[in-house]
Amino acid sequence: MSKNTEPSRSLAEKLLEEGVAKNPGPWREHSLAVARAAEKIAIAVNKNCGTQKLDPDLAYIYGLLHDIGRQEGYTYIAHVYDGYHFLMSLGYEKAAQICLTHSFNLQTTDDYIGKIDITPEQMEEIKSLLAAAKYDDYDRLIQLLDSCCAADGTVDLETRMNDVKARYGYYPEAKWNKNFELKEYFEKLAGKDLYEIIRGNA
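What counts, and where the lines are drawn
- Numbering of residues starts from 1 in each chain and follows the order in which that chain's sequence is written.
- Local features are withheld for residues below a pLDDT of 70 in this predicted model, meaning they are given only at 70 or higher, and side-chain atom pairs are given and counted only at 80 or more; totals for whole chains, interfaces and linings count all residues.
- Side-chain numbers come from the whole structure's heavy atoms, not from hydrogens or water.
- Secondary structure is summarised from DSSP: a helix means a run of H or I of at least four residues, a strand means a run of E of at least two, and numbering begins at the N terminus for each.
- In this analysis, the expected span of each helix is defined as 1.5 Å times one less than the number of residues it contains.
- Burial classes follow relative accessibility: with a 1.4 Å probe on protein chains only, a residue under 20% of its type's maximum area counts as buried, one over 50% as exposed, and anything between as partly exposed.
- In this description, the arc belongs to the directions extending from the helix axis to the C-beta atoms.
- Contacts are residue-level and defined by heavy atoms, with any inter-residue pair within 4.5 Å sufficient.
- Charge assignment: positive for Lys and Arg, negative for Asp and Glu; neither His nor the chain ends contribute.
- Salt bridges are defined by distance alone: a side-chain nitrogen of Lys or Arg within 4 Å of a carboxyl oxygen of Asp or Glu.
- Pairs of N or O atoms within 3.5 Å make up the polar contacts considered here, provided that, within protein, one atom can donate a hydrogen while the other can accept it, and that residues adjacent in sequence are counted only when both atoms are side-chain atoms.

1. Things to note about helix 9 (residues 173-190)
An α-helical turn contains 3.6 residues, so any two residues separated by three or four positions project in the same direction.
Okay, so step 1: The end-to-end C-alpha separation of helix 9 is 26 Å, in line with the 26 Å expected for 18 residues at 1.5 Å each.
Okay, so step 2: What helix 9 keeps buried is the set Lys 175, Trp 176, Asn 179, Leu 182, Lys 183, Phe 186, Glu 187, Leu 189 and Ala 190. Take helix 9 and look down its axis: the buried residues cluster within an arc of 160°, on one side only. Every exposed residue of helix 9 that faces more than 90 degrees away from the buried side is listed here: Glu 173 and Lys 188.
Okay, so step 3: Those residues of helix 9 hidden inside the fold are in contact with helix 2 (27-49), helix 7 (137-146), helix 8 (157-168) and helix 10 (194-199).
Okay, so step 4: Once helix 9 ends, the next one or two residues include Gly 191, with phi positive near 65°.

And the structure:
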């Protein structure tokens, strides 16, 4: 992944702040929490593996921008669609893909939790893009952290998923299990407990 094809850290931060100015809300704190956690995990993975498996800057940037579609207002699946198209219009293909993939850890829209607030044509477009997407560890990392980093600073996968379950009345079992599978995957790569890494200084 070339950094030349993605925004710099400072530009990603600028894009987030501009987006929040359009639609203020807790998604700013959530995006920052995911970004900081992603950077820490990338550093821990590289240290444990003795090689640069993940670029900490890119992990931070992708975490920061995964919810950028929320700049368009209080939406559900539309934030996925809007974020993807916004970043594609700027030429940031991988960051755009992560806007798309962060809500779909099983690479399907069938288990989406929330309202479908886009047109049937836009939904078909999301399905086609998802089917064609090749998930890598950046996609997986942001999926995991989106599911465990809350805007108020709490970091706990089960608590956050139960919160979603309380708000929407359900949480698909396969999606729930996949999140724990991703947690275990990154803990193996990093050789350390996920929460310990996120709450630590490095």
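Here the narrative resumes, following the displayed structure.
2. Looking at the side chain of Glu 6
Okay, so step 1: Secondary-structure assignment places Glu 6 in the segment before helix 1 (9-22).
Okay, so step 2: No salt bridge forms around the buried Glu 6; measuring N to O, its nearest opposite-charge neighbour Lys 94 is 8.0 Å away.
Okay, so step 3: Within the structure, Glu 6 has its side chain in polar contact with the backbone nitrogen of Lys 94 (distance 3.1 Å).
Okay, so step 4: A distance of 3.3 Å separates a polar side-chain atom of Glu 6 from the backbone nitrogen of Ala 95.

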